[in-house]
Amino acid sequence: MKQCVKAKLVLEDGTSFKGISFGARGENSGEVVFNTAMSGYQEILTDPSYKGQIVTMTYPLIGNYGVNAEDVESNRVFLEGFVVREASRIASNWRSQKSLREYFQENNIMGIEGVDTRALTKHVREKGAMKAVISTEDLNDESLREKAINSAGLIGRDLVKEVTSEHVYDWNDTGKYTVVVIDCGVKLNILRELVKHNCLVKVVPAGTSAETIMDMAPHGVLVSNGPGDPEGVPYLMNTVKTLMKQVPIFGICLGHQILALATGNSTYKLKFGHHGVNHPVKDLRTGKVYITVQNHGFCVKTDLLNREEIEVTHINLNDNTVEGIKYKKFPVFSVQFHPEASSGPHEAVYLFKEFIDLIKGNL
Amino acid sequence: MPKRNDLHKILIIGSGPIVVGQACEFDYSGTQACKALREEGFEIVLINSNPATIMTDPEIADKTYIEPITVEALEKIIEKERPSALLPTLGGQTGLNTAMSAIEAGILDKYNVVMIGADYDAIKKAENRECFKKAVQKIGLDLPKSVLAHSIEQAKEALKEIQLPVIIRPSFTLGGTGGGVANTQNEFERIAELGLKNSRISEILIEESVIGWKEYELELMRDKNDNVVVICGIENLDPMGVHTGDSITVAPIQTLTDKEYQGMRSAAISIIREIGVETGGSNIQFAVNPKNGRMVVIEMNPRVSRSSALASKATGFPIAKIAAKLAVGYTLDEISNDITQKTPASFEPTIDYCVVKIPRFTFEKFPEAQDVLGISMKSVGETMAIGRTFKEALQKGLRGLEIGHKGLDNKQKYNQILDEKIKNRLEEPNASRIFYIKYALQKGMSVEAISNITYIDPWFIDNIKQIVELEDEIKNTFSGDINQIKKNPNLMDILREAKQFGFSDVQIGELIGITEAEIRGIRKENGLEAVFKLVDTCAAEFMAYTPYYYSTYEDEDETRVSDKKKIMILGGGPNRIGQGIEFDYCCSHAAFALRDLGFETIMVNSNPETVSTDYDTSDKLYFEPLTFEDVMNIIDREKPQGVIVQFGGQTPLNLAKKLKDANVPIIGTSVESIDRAENRDKFAKLLKKLHINQPRNGSALSKESAKQIAQKIGYPVLVRPSYVLGGRAMKIVYEDVSLDEFMDEAKDISGEHPVLIDKFLEDAIEVDVDAVSDGEDVFIGGIMEHIEEAGVHSGDSACVLPPHTLGDDIIDAIKDQTVLLAKELNVKGLLNIQFAVKSDIVYVLEVNPRASRTVPFVSKATGVPLAKIAAKIMVGEKLLGFNLTAEKKLDHVSVKESVLPFSRFSGVDIVLGPEMKSTGEVMGIDKSFGIAFYKAQIAAGQNLPNKGNVFISVKNDDKREIVFVAKKLYDMGFNIISTKGTFKALNSNGIKADVVGKFAEGDARLLEFIVRGDIALIINTPSGRSGQSDMKSIRSLAVTHGVPCITTMQGAQAAVNGIEAMLNKKMSVKAIQDYINK
């Protein structure tokens, strides 16, 4: 038999999955979620929004095309663990620099393979996303379950502070429109898209005050995606509340939820979230359907929206949840999905143009 | 915005006969479309010449025209039916081409018919290479460098711009007929000339070679609101240079990063928009340079295709059904996903398994043709396998192919194969390359080295290497002693891994020297059993309602076993010559009939092209290889009350005995009865008991005994291995030498079964009977008289129903014998008997107490659904209950004609014999035999002329009869050209003819005439013995130049009848419903 390190994933309800480690040894806890994308594992691994989560890929064969230096969405891996059916032992792609296994070992990431990921996915679908522990050190179901129950979880927790940048920085040197990005765990492709749209991009830590931001004289502000519960970051809500009256704002994902909270709406936790690249979203203004990239466990409540002040611009056709909002009183709009894609289809990128148009109209 | 209200009646064009490149996937898509549109309240008119299809069942469309798919027939149907719209995108290239011709002829305008799905301009833009190139360049996408040529001169000029090697692709052809790769100037000129001939518009594309690049396909759908979704991405394991139909393909895409994949996706969406396919599905192919990621667009099919059928089965998303709904005005978000019920069709399926499709070849049928693969498609079928890993799916696929492999096993001892041979087999793509990759790995060649030779992505080769490594581990860990094996502490870990890698029990058993049953026993004792998972379009994100399963070895089993009464139907596996759509028709009918009776129907099959593997056809679908192990896994889980093995052809029949021994309840005619009919000794005894004549015969296990038997019963003899379908390796032998040769070849074909030797009845009339029996009563469904004499395989012979030359006494004798045999064998279900009539004596050649190839034809001709009735009888119903007292009196004549694939296999002689070679069939119906035969010929692509030069050269035996044929042709105004011998016969009977000499004697005029298109028809009957090389090259040339060529006397007589009938009377069309509902 090949030499292998056994690993286990145990959920807080006691469900246990055996597997083999293909990354770092150790133990980690997080909320188990599944992602249904068939490609783009590198973008998923480096997406800061996964902080606090153990991600299982529903597609069984992961790592086939290896890992390269370009396809990253942040400078490191934030997720707590990665669960797959089979991690490829070789990497085959002209851009590949190393195999997924090497990458995991070098970056001290916990990975477990050989898991019946479909069974795990169905379990999460039926019972909801839940806390779990992944371990190579302790293989006892009971003690792992205990640890899972006692782990922090996502509710009410500020995970943004663990992923946001420590300093203010300029992403690029020139651009017609100055855009300040509030980094709640921003994916790099958001910054790349802004650059493509002729923006001078300044990134600020999530805790930056509205005054400091306004002192930077932005033409627009983008509130980025990020991990965890929007209610865990009340300071952000306050910052946004002040900014809304002064400058055009585009919110993405967590940013969308924070804007909703700032205008008196509420959010709730979805049973198992939306994590994938195939969600149909209808732009209610045009009737067109876009295949969107989604990664969120929380969602804006539909019933509490004040329709006089708010226009729902996008809905998810799978479950009719709110996917986009336009604030009638302010030059502000937001979407729950990821127009910057990466990974996933590029077709919602038109929203960046809408942001620029909003900025132009406000000049 | 829901469906259009301005359309009421929609005309759908089917794809006609099964040919290489166009198989039953279009029956699957067409049937789906008809059903979907009728559900929406549209009246459906259908044209399709293929009687073996489900779509031509009278209940699928409102009016079904089994007529030749020609512009002429189409116009007549339009004139009669006045449809408001034509949907051309579901009938393959045939449907599209016919629709395009109809528009060009002004027919749609004349009758105010709108085309839906795709319009003329969009089709032209996609199909015409120059238009396509311009369109793709306009949106800034990259293509291989290319130049169009309309003449050989232009082609030569093009070579100045693009360097050899180049690819030559003719425009408007099926499956790339006539295309090829040219490495040298000579090759270039030859292929260019052929391509110009084959193109409907004499146009070829000369293209920069991207051979060896990675090849991808995307299946897209678009609605009228411009919403576009990608249903499935497919990666070809065999890189560019092998036709995608001949490639092993894998879904989803395995070796592209998301950046690359999304670039391809966006490109595909821009293409479908720029081309302007309004609604429905399209397939777009790309090539990617593995060295630098350069992506080029290869081509687009603006219609439902073979790949979209595969994509539908691979993902669970029914492309054709949705395409039909989009064509009538729905948008993707208005249609719900059948499988999840709650989510809309406007999404992109995501899968959580790996799908491998493997083509099935039949090079063994055409020994003169090389098994080399290129850009012109040669495979005749395919199998698909689903697994959680590529390794598992690949091995399941290889055993599902039914070519004797139990997985990626060794048929040859790798260490005995020369390195040189391995290198050759890797270098030049061929049907067994996947096995040579294994041999190369076993001989120590590196993944990289193999990839450098084959251009196959290292990821695939490494996965194969993992299979090899595990195989070595199994061999090295275990001995052949079962008690030792059971004691090994690693046994279950290794066995589990092996099952997860897709190894079959028998394959593992062979590696360590124990039996399949022993491995199975060990597995069962230790709880290592297959689990079944759902194909659900969404990777388990949503609840799935459709029970479409595949097996794997993991933790959770998802089957929902019900308490209902269940019947399992075993399908036919991949299509091949001799076993195709006809059997799938029977299996699907069994499912329909038993569902009607309230049974839960369970289908098991591995062929993605079929209606039977549509999740709508049965209550449960298991997409699995048809091996004992795979079938038993399902039976263990489902515990059906009955299993039907008699409908799927030889594949399930071969499992019958083993299943029965495992106490599986096989219903219908018993396994013993089947054996009594198939085993020659038992069969001879049976006939003797019933006093039924049989040609003298014997069976032999050695050369010597074969010779003795042949001498005893007298040459010529018909020889064949037992237990085969489609006349595999069957031959007529005239002397000892040929018999020896046959015995040498036949050995490994028949295994422990003997070789059968029958007296060959020269010039006998062959008759096929399909009947259904409940063991007490017998209903004769149809009696078919073959046009060609006995000796031509029944699957290749044309036949006519009702018989047109047999006397009543003969017919009565045939009926009596059918009833006797059915009762004696206690047949409960279908029965097919082949008779030969010689000198007014009726002989029985074969009895098959199971579904036959002619069941759908008979059902279409008579309106009696034989397969459905048989299925109901198998679960206990009685014939009496069906109100079928006597054979139906018909006042129309139906002719079945076979369609042969010779144009695909250059250098192959087209003469018909006892080994079946046809891929498909067509049907002609009319009031008289002449016109029905003529229609069948046209439908089969044999364009019988009404004027011009006819070349006649016949063997001596036929010289008397040819006079009448020639006289008729002469009187109808044809000009006769003949060889010397035939000329003498004609001349002495007062028929004027021109003479040409033999090619071998230096007279090449005839060849020139054919090449120039000066010959309208060839009648050439080769004599039974060899030594006919002159005529062989003429026949091949005729095939390449599309000149109808008739090789039997009976065929010639029928053709002349047909031509005569057509000259006297115009062709008319009539729906099948109007023929049978009177």
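No experiment lies behind these values; they were computed from the predicted model shown.

Reading guide: rules and limits
Counting of residues starts from 1 at the beginning of each chain's written sequence and follows it residue by residue. Here every chain gets a letter starting at A, and every ligand a number starting at 1, in the order they are written. Reporting of local features is limited, given that this is a predicted model, to residues whose pLDDT is at least 70; pairs of side-chain atoms are given and counted only at 80 or more, and all residues count toward the totals for whole chains, interfaces and linings. Helix and strand assignments follow DSSP, with helices taken as H or I runs no shorter than four residues and strands as E runs no shorter than two, numbered in order from the N terminus. Backbone-placed C-beta atoms define the burial measure: a residue is buried with 20 or more other C-beta atoms within 10 Å of its own, exposed with 12 or fewer, and partly exposed in between. With C-beta atoms placed from the backbone, a contact is any residue pair whose C-beta atoms sit within 7 Å. Note on method: radius of gyration uses C-alpha positions; expected globular size equals 2.2 Å times residues raised to 0.38. In this analysis, strands are considered paired if DSSP registers two or more bridges between them. The nonpolar core criterion groups buried Ala, Val, Leu, Ile, Met, Phe, Trp, Tyr and Cys residues into a set whenever they are joined through C-beta atoms within 7 Å. Three classes are used, and their members are as follows: Ala, Val, Leu, Ile, Met, Phe, Trp, Tyr, Cys and Pro are nonpolar, Asp, Glu, Lys and Arg are charged, and the others, Gly among them, are polar. In this analysis, the expected span of each helix is defined as 1.5 Å times one less than the number of residues it contains. Throughout, an axis means a line fitted to C-alpha atoms (over the contacting stretch in the case of helices), and angles, computed between N-to-C directions, take values from 0 to 180 degrees. An angle below 35 degrees is treated as roughly parallel, one above 145 as roughly antiparallel, one from 65 to 115 as roughly perpendicular, and anything else as oblique. The sense of a crossing depends on the near helix, which, turned anticlockwise from the far helix by less than a right angle, makes the crossing left-handed and, turned clockwise, makes it right-handed. The domain limits used here are those given by an automatic or database domain assignment.

**Observations regarding the overall build of chain A**
Move 1: A tally of helices and strands in chain A yields 10 helices and 19 strands.
Move 2: When its C-alpha atoms are laid out on the principal axes, chain A stretches across 70 × 45 × 40 Å.
Move 3: Taken across its 363 residues, chain A has 60% of its residues classed as buried.
Move 4: In chain A, once contacts between residues fewer than 6 apart in sequence are set aside, the share between residues at least 24 apart is 74%.

**Let's talk about the overall build of chain B**
Move 1: Along chain B, the regular secondary structure elements total 37 helices and 38 strands.
Move 2: For chain B, whose C-alpha radius of gyration is 28 Å, the value lies close to the compact-globule estimate of 31 Å for 1078 residues.
Move 3: If one aligns the C-alpha atoms of chain B with their principal axes, the spans along those axes are about 85 × 70 × 65 Å.
Move 4: The 1078 residues of chain B split such that 60% are buried.
Move 5: A separation threshold of at least 6 residues defines the contact pool for chain B, and within that pool the share at least 24 residues apart is 71%.

**Quick word on the pairing of strand β6 (residues 146–149) of chain B**
Residue and element names in this part refer to chain B.
Move 1: Residues V147 and A149 line the buried face of β6, whereas the alternating positions S146 and L148 sit on a face that is not buried.
Move 2: As paired elements, β6 and strand β9 (residues 204–208) share 4 bridges and run antiparallel to each other. Directly across from A149, in β9, lies its bridge partner I204.

**Comments concerning the nonpolar core**
Residues and elements named next belong to chain B.
Move 1: Of all hydrophobic cores here, the largest spans 443 residues; its most connected members are L220, I569, A590, F835 and A867.
Move 2: Here this core takes 10 residues from helix α21 (residues 581–596), the largest share from any one element.
Move 3: Sequence-distant contacts of I569, defined by excluding residues within four places in its chain, comprise C587, A590, A591, T601, I602, M603, S618, I644 and F647.
Move 4: Membership of the second largest hydrophobic core comes to 16 residues, among which are I168, I191, A192 and L194.

**Quick look at the sheet that holds strand β3 (residues 63–65) of chain B**
Residue and element names in this part refer to chain B.
Move 1: In spatial order, the strands read β3-β2-β1-β4-β5; together these 5 strands make up an open sheet with parallel pairing. Two strands lie at the open edges of the sheet, namely β3 and β5 (114–115), each paired on one side alone.
Move 2: In terms of strand pairing, strand β4 (residues 85–87) meets β5 through 2 bridges, oriented parallel. Among the inter-strand pairings, A85 is bridged to a residue of β5, identified as V114.

**So, the interface of chain B and chain A**
Move 1: Each partner contributes residues to the interface: chain B has 45 residues there, and chain A has 43 residues.
Move 2: Only α9 (258–275) and α16 (458–477) of chain B provide two or more residues apiece to the side of chain B that touches chain A.
Move 3: It is α9 of chain B that contributes the most residues to the side of chain B that touches chain A, 6 residues altogether.
Move 4: Here the residues of the side of chain B that touches chain A are counted per class, giving 15 nonpolar, 14 polar and 16 charged.

**Quick word on helix α8 (residues 185–198) of chain B**
Move 1: An ideal rise of 1.5 Å per residue puts 20 Å on 14 residues; α8 of chain B measures up with 20 Å between its terminal C-alpha atoms.
Move 2: Turning to α8 of chain B, its buried residues are F188, I191, A192, L194, G195, L196 and N198 of chain B.

**Here we look at unusual backbone geometry**
Residue and element names in this part refer to chain B.
Move 1: The amide bond that connects Y715 to the next residue, P716, takes the cis arrangement and shows omega of -5°.
Move 2: The residue P716 is located in the loop between α26 (703–713) and β24 (717–721) in this model.
Move 3: One non-glycine residue, E402, adopts positive backbone phi at about 60°.
Move 4: For E402, the position within the fold is in the loop between α12 (390–400) and α13 (419–427).
Move 5: C-beta crowding within 10 Å serves as the criterion here: with 22 such atoms nearby, E402 is assigned to the buried category.
Move 6: Look at Y455: it is not a glycine, yet its phi comes out positive at around 65°.
Move 7: Inspection of the secondary structure puts Y455 in the loop between α15 (447–454) and α16.

**Some words on the sheet that holds strand β28 (residues 778–789) of chain B**
Residues and elements named next belong to chain B.
Move 1: With antiparallel pairing, 7 strands are arranged side by side in an open sheet as β31-β30-β27-β28-β29-β32-β33. Sheet topology places β31 (841–848) and β33 (920–926) at the edges, where each strand pairs with a single neighbour. Adjacent strand axes in the sheet meet at a mean angle of 25°, parallel and antiparallel pairs treated alike.
Move 2: Bridging between strand β30 (residues 828–838) and β31 involves 7 bridges; their strand directions are antiparallel. Each bridged residue has a counterpart across the sheet, and for N832 the counterpart in β31 is N848.

**Describing the pairing of β28 of chain B**
Residues and elements named next belong to chain B.
Move 1: When you tally the buried positions in β28, you get 10 out of 12 residues, the bulk of the element.
Move 2: Direction of pairing for strand β27 (residues 765–774) relative to β28: antiparallel, over a ladder of 8 bridges. Bridged to V767 within β28 is E785.
Move 3: Counted along the chain from β27 to the antiparallel partner β28, the turn is 3 residues long, and its residue G775 has a positive phi close to 95°.
Move 4: Relative to strand β29 (residues 799–801), β28 runs antiparallel, the two being bridged by 2 bridges. Its bridge partner being in β29, H786 is matched across the sheet by C799.

**Structural notes on the packing of α13 of chain B against helix α14 (residues 433–442) of chain B**
Between two packed helices, both the angle of their axes relative to each other and the distance between the axes serve to describe the pair.
Residues and elements named next belong to chain B.
Move 1: The N-to-C vectors of α13 and α14 enclose an angle of 140°; their axes lie 9 Å apart at closest approach. By the angle class used here, α13 and α14 are oblique. Classified by chirality, the crossing of α14 by α13 is left-handed. In this structure, α13 contributes I422, R425 and L426 to the contact, and α14 contributes R433, Y436, I437, Y439 and A440.
Move 2: Among the residues making up the contact of α13 with α14, the classes are represented as 6 nonpolar, no polar and 2 charged.

**Observations concerning the packing of helix α1 (residues 25–39) of chain B against helix α11 (residues 319–327) of chain B**
Residues and elements named next belong to chain B.
Move 1: Packing of α1 against α11 brings their axes to within 8 Å, and their N-to-C directions diverge by 45°. For the element pair α1 / α11, the angle class is oblique. For the pair α1 and α11, the crossing hand works out as right-handed. When α1 is examined against α11, the residues Y28, S29, Q32, A33, A36 and L37 are found in contact with a partner set consisting of A320, K321, A324 and K325.
Move 2: Here the contact of α1 with α11 is composed, by residue class, of 6 nonpolar, 2 polar and 2 charged.

**Regarding the domain arrangement of chain A**
Residues and elements named next belong to chain A.
Move 1: Examined at the domain level, chain A breaks down into domain 1 (6–150) and domain 2 (160–362).
Move 2: Computed over C-alpha atoms, the centres of domain 1 and domain 2 are 27 Å apart.
Move 3: On the domain 2 side, the residues contacting the 23 residues of domain 1 number 23 residues.
Move 4: Among the secondary structure elements, those contributing two or more residues to the side of domain 1 that touches domain 2 are β3 (27–35), α1 (41–45) and α3 (117–127).
Move 5: For the side of domain 1 that touches domain 2, the leading source of residues is β3, giving 3 residues.
Move 6: Taken together, the residues that form the side of domain 1 that touches domain 2 break down as 10 nonpolar, 8 polar and 5 charged.

**Description of the environment of E347 of chain A**
All names here are of chain A.
Move 1: Its location among the elements puts E347 in the loop between β19 (332–335) and α10 (350–361).
Move 2: Expressed as a C-alpha distance, the spacing of E347 and V293, which sit 54 residues apart in the sequence, is 9.6 Å.
Move 3: Setting aside residues no more than four positions away along its own chain, E347 makes contact with Y290 and I291.

**Some remarks on the environment of V447 of chain B**
Residues and elements named next belong to chain B.
Move 1: Turning to its location among the elements, V447 is positioned in helix α15.
Move 2: With 271 residues separating them in the primary sequence, V447 and L718 have C-alpha atoms 49 Å apart.
Move 3: In contact with V447, other than residues within four places in its own chain, are P458, I461, D462 and K465.

**Re the environment of E43 of chain B**
Residue and element names in this part refer to chain B.
Move 1: On the secondary structure map, E43 appears in strand β2 (residues 43–47).
Move 2: Through-space distance from the C-alpha of E43 to that of F366 is 44 Å; in sequence the pair is 323 residues apart.
Move 3: Aside from chain neighbours lying at most four places away, what touches E43 is H8, K9 and D62.

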